[in-house]
Amino acid sequence: MTTPAFDPVIHAPGRLQICAILSSVDSAEFAMLRDAIKVSDSVMSKHLKQLEEAGHVTLTKAAENGRQRTWIALTPPGRRAFAAHVAELQRLAAITAPTSPGTDA
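Residues numbered from 1 in each chain as written. Predicted model: local features only at pLDDT ≥ 70, side-chain atom pairs only at ≥ 80, totals over all residues. Heavy atoms only, no water.

**Some thoughts on the pairing of strand 3 (residues 67-74)**
At step 1: Both strand 1 (residues 28-29) and strand 3 contribute to a ladder of 2 bridges, which runs antiparallel. Bridging from a neighbouring strand, Ala-28 pairs with Ile-72 of strand 3.
At step 2: Where strand 2 (residues 57-64) and strand 3 come together, 8 bridges link them in antiparallel fashion. Bridge pairing links Thr-60 to Trp-71 in strand 3.
At step 3: As consecutive antiparallel partners, strand 2 and strand 3 are separated by 2 residues, and within that stretch Asn-65 has a phi angle of approximately 55°, a positive value. (Pairing = 2+ DSSP bridges. Helix = DSSP H or I, 4+ residues; strand = E, 2+ residues; numbered from the N terminus.)

See the structure below:
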């Protein structure tokens, strides 16, 4: 069982999307992630730098078809942090009072 824990590094929408994508694969290529979350190269690089500095992802560069490509993978601690963050979001959602149809709340 994962203990719910909020992670402010993961919580930013772009980084949350990156972690969600990476949680279902061994690794993903930079351009695929960038296109999936619809950001520029520079924004993607900033997100990845923050995730890497937190120890949540590793970046691996490899030449492929004459081009340098960057592959990103969640680290084991990154996978645990993402799972804990999702568990905390689910916990918070569960305590939120449901709204009735037609109400503004």
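And the narrative resumes.
**Remarks on the nonpolar core**
Nonpolar side chains in soluble globular proteins generally cluster together in the buried interior.
At step 1: Counting 16 residues, the largest nonpolar core has Ile-18, Leu-22, Leu-33, Met-44 and Ile-72 as its most contacted members.
At step 2: Taken together, the elements giving at least two residues each to this core come down to helix 2 (13-23), helix 3 (30-37), helix 4 (41-53), strand 3 and helix 5 (76-95).
At step 3: The contact partners of Ile-72, leaving out residues within four places of it in the chain, are Leu-22, Ser-27, Ala-28, Glu-29, Phe-30, Leu-33, Leu-48, Val-57, Thr-58 and Leu-59. (Core = buried A, V, L, I, M, F, W, Y, C linked by side-chain atoms within 4.5 Å. Buried < 20%, exposed > 50% of the residue type's maximum accessible area, 1.4 Å probe, protein only. Contact = heavy atoms within 4.5 Å.)

**Structural notes on the sheet that holds strand 3**
At step 1: If you trace the 3 strands from one edge of the open sheet to the other, you get 1-3-2, paired in antiparallel fashion. Of all the strands in the sheet, the pair left with one neighbour each is strand 1 and strand 2.
At step 2: This element, helix 4, spans strand 2 and strand 3 of the sheet and lies at about 125° to strand 2. (Axes fitted to C-alpha atoms, helices over the stretch in contact; angles between N-to-C directions.)

Don't take any of this as a statement about function, it's just geometry.
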